[in-house]
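Fold and contact review
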Amino acid sequence: MSTGLSDELRIQNPLIPPFALGAQNQKLAPVVHDGVVDPKGLTCGLVRMEGAHHAAPHIHEASPILVYVHSGMIASLVGEALEPLFHAPGSILWVGPGVVHLGLNLDPVTPAELLEARTDPAFNVDVHRRPDLDALVAERVADLQRRYAAGQLDDQLTGPTVHIVSR
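Below: a short report on this structure. Every chain's residues receive numbers from 1 upward, in the order its sequence appears when written. Only residues with pLDDT of at least 70 are given local features in this predicted model, and only at 80 or more are side-chain atom pairs given and counted; all residues enter the totals for whole chains, interfaces and linings. Values shown for side chains rest on all heavy atoms present in the structure; no hydrogens or waters enter the calculation.

All right, on to the overall build of the chain then. Along its length, the chain carries one helix and twelve strands. Put simply, DSSP H or I for four residues or longer makes a helix, DSSP E for two residues or longer makes a strand, and each gets a number counted from the N terminus. Helices and strands in the chain line up, N terminus first, as β-β-β-β-β-β-β-β-β-β-β-α-β. Buried residues are those whose accessible area, probed at 1.4 Å on protein chains only, stays under 20% of the maximum for their type, while exposed residues exceed 50% and partly exposed ones sit between those limits. Burial analysis of the chain (167 residues in total) assigns 42% to the buried set. In this description, contact between two residues means that some pair of their heavy atoms is separated by no more than 4.5 Å. Long-range contacts, defined as pairs at least 24 residues apart, comprise 75% of the intrachain contacts of the chain with a sequence gap of at least 6. With residues, only the protein chains shown are counted as cover, and all accessible areas are computed by Shrake-Rupley using a 1.4 Å probe. As displayed, the chain has an accessible area near 8,900 Å², and 59% of this comes from carbon and sulfur atoms.

So this is what it looks like as structure tokens:
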């Protein structure tokens, strides 16, 4: 029986790998990367953030990243001052290479799921932590979680957003 597909195509159906903790303290499941195919400059994976979880401050040295929020209410903290951006389901965030950032699941209980695409051939090799910002992250996260619980962020999470952050 013919599939109707060209003999020139190679189709793979890899399973979603188990989530593993990345250098940025984020649960990642790399899906398309140089261990599976020659990605030609684009890789992607899934991110799962448990309730109230936040990543550690980090940069992707040479890779821009594109994030699509599938589910969850998310805040991204970006730049050296860790300015907050807010994302409801359907939101898209693009972060340029070398820009400090991290994600925070604002909901204290419900997990969030995201799709990330990057130009890092191995998906998560060019991550560099910024522990010098950990104290500021703790302040920002506590404030945002308090404001979310009090309903003070509801108007900023009413629908999808698009944010582009570059140097």
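Once you've had a look at it, read on.
Here helix α1 (residues 134–149) contains 16 residues, and its C-alpha end-to-end distance of 22 Å stays within 8% of the 22 Å for a straight helix at 1.5 Å per residue. Where α1 is concerned, the buried positions are Val 137, Val 141, Leu 144 and Tyr 148. Within α1, the buried residues cover an arc of 70 degrees as seen down the axis, which keeps them to one side. Across from the buried face of α1, at angles greater than 90 degrees, the exposed residues are Ala 135 and Glu 139. For a helix, the expected span equals 1.5 Å multiplied by the number of residues minus one. The directions considered for the arc run from the helix axis to the C-beta atoms.

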